[in-house]
Amino acid sequence: MGLDRTRSPSERADTPLTAAILAGRWIRSAAEEDTGGRRWKANPDARGRSALASAEPASLYAGAAGIVLFFLELSAATGHEAYLEDAREGAHYLVATWRDQPDLSFYRGLTGTVVALIEAGWALGDGRFEEEAVAAAERIVRAARPMDGGPGWTGDPAQRGDGGIVLGLLRAATALGVPEYEELAVAAGERIAGLAVPGHRFGDYPDLPVDAVTPGFLAGTAGTAFLLARLYGVTGERRFLAAADRGAGFVREVSTVTDRCAVVPHHVPQARRLHYLGFCSGSAGVARMFYELYRVTGDAGHLDWVERLANGILLSGAPRRRTPGLWNVACQCCGIAGLLELFTGLWAVTGKVAYLTFASGLAEHLIASAVDPDDRGLRWYQAYRRLRPGEVSADTGYMVGAAGIGAALLHLDAAMQPRIPRRVILLPDNPFPPIPVPPDRLRDDNPRAFS
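About the criteria used
Residues numbered from 1 in each chain as written. Predicted model: local features only at pLDDT ≥ 70, side-chain atom pairs only at ≥ 80, totals over all residues. Heavy atoms only, no water. Salt bridge = Lys/Arg side-chain N within 4 Å of Asp/Glu carboxyl O. Helix = DSSP H or I, 4+ residues; strand = E, 2+ residues; numbered from the N terminus. Buried < 20%, exposed > 50% of the residue type's maximum accessible area, 1.4 Å probe, protein only. Expected span 1.5 Å × (residues − 1). Disulfide = S-S within 2.5 Å.

The name an unreviewed UniProt entry gives the protein is Lanthionine synthetase C-like protein, with Nonomuraea jiangxiensis as the organism.

## Quick notes on the pattern of salt bridges
Scanning all chains against the criterion turns up 25 salt bridges. Between R88 and E85 there is a salt bridge, with its nearest N and O atoms 3.0 Å apart. With R88 and E85 both in helix α3 (residues 82-97), this residue pair falls 3 residues apart, about one helical turn. With its nearest N and O atoms 2.7 Å apart, the salt bridge here joins D374 to R379. Overall, the relative accessible area of 35% leaves D374 in the partly exposed class.

## Side note on helix α10 (residues 283-297)
For α10, which comprises 15 residues, the first-to-last C-alpha distance of 21 Å matches the rise-based estimate of 21 Å (1.5 Å per residue) to within 8%. Among the residues making up α10, those that are buried are S283, A284, G285, V286, A287, R288, M289, F290, Y291, E292, L293 and V296. Positioned one or two residues after α10, G298 has a phi angle of 75 degrees, which is positive.

## Let's talk about the state of the cysteines
Scanning the model with the defined rule gives 0 disulfides in all. Summary of cysteine pairing: C280 is not part of a disulfide, and the nearest cysteine sulfur, belonging to C333, is at 3.8 Å. Owing to a relative accessible area of 10%, C280 belongs among the buried residues under this scheme. Its sulfur unpaired, C331 is 4.1 Å from the next cysteine sulfur, which belongs to C334.

Here's what the structure looks like:
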């Protein structure tokens, strides 16, 4: 496997696309041939260690599944088939190792592998990957166990637990044509809809009190309400919408609202003034929940809350101003790339130039903060854990590192090319359009297409 030949080693990034290409070069330098395929070191630099040193190497969050998705997108954006080979070899690694994955969840386990194999099979035209996706999904189905109110897996209704598995099964049902996956997803969703909303208690989470209630996305109310809204859109069953509305109501109740802005506390009651801005526990993730509710109901009040949360980010001083909720972090999970995903999506659904302008500024900040000290490609050093500011590392993965940052840059690149519409790969918890361009700018005869 040679280095990427599309750019000279000394060339600096000047656009989102070139930055993504150079990020791809660095990720390629971290490749290791393993178990019938290819995986990538989580952190190949001597300057630091991985923020997730013990992460599952096949995971969507920080391992091969997410990097496969990035290389699929990089090939679509550049037209270079060499990136397809990277994705193919990564998919072979997933095929060889998925049976050994103990975790069934979406971001850190087998459900994310299923989604990555589905996308690889579609893009590469290789039915074997879809066959393996079916086999992996069947394992998830068999692992469901009876719980009070319906089937489940972890007992955790949030996106990090059963919520993410349900979203993955819904994607698999559609992409693979297996309605039984949707039936199980709906049954598991019925159990979640019957649980107390609002709130998810972390319990044994090491950095939070045991009675903390979290309104955020990956481990809290907003992500659970997003799932319930998605199930309402799939089934039309009002009980899902009623439960989603209860979750949304709690988020509104605990948020701080001023004029046309809103920010969400990280957890209550202990941290009402700690307002994350990113995807995992802050405004960028919570906004997805409100947009999904708007998408399935048409209620303009939900879109109003999406824009309130966006305005809170706009007025925060991000990306240059660091706050307790947006520190030295660039990644998709809790950093600048997560904000970029939100504002690219908002541009696509509203056509408001202010959102595209802000997204472009976020991309410029990401490009300027990347480093390439050894001509191996771009990477981003960050303090992934807010409570450990001295623990700085540069990672390759999707939610924590260069693959996800590169994907967000590619999504903006697609948004800026209305006359060359390109489908981007969005995860099941992203409700925005897979062609990130406002519909009225897609027409060839539209004089505003390039404005």
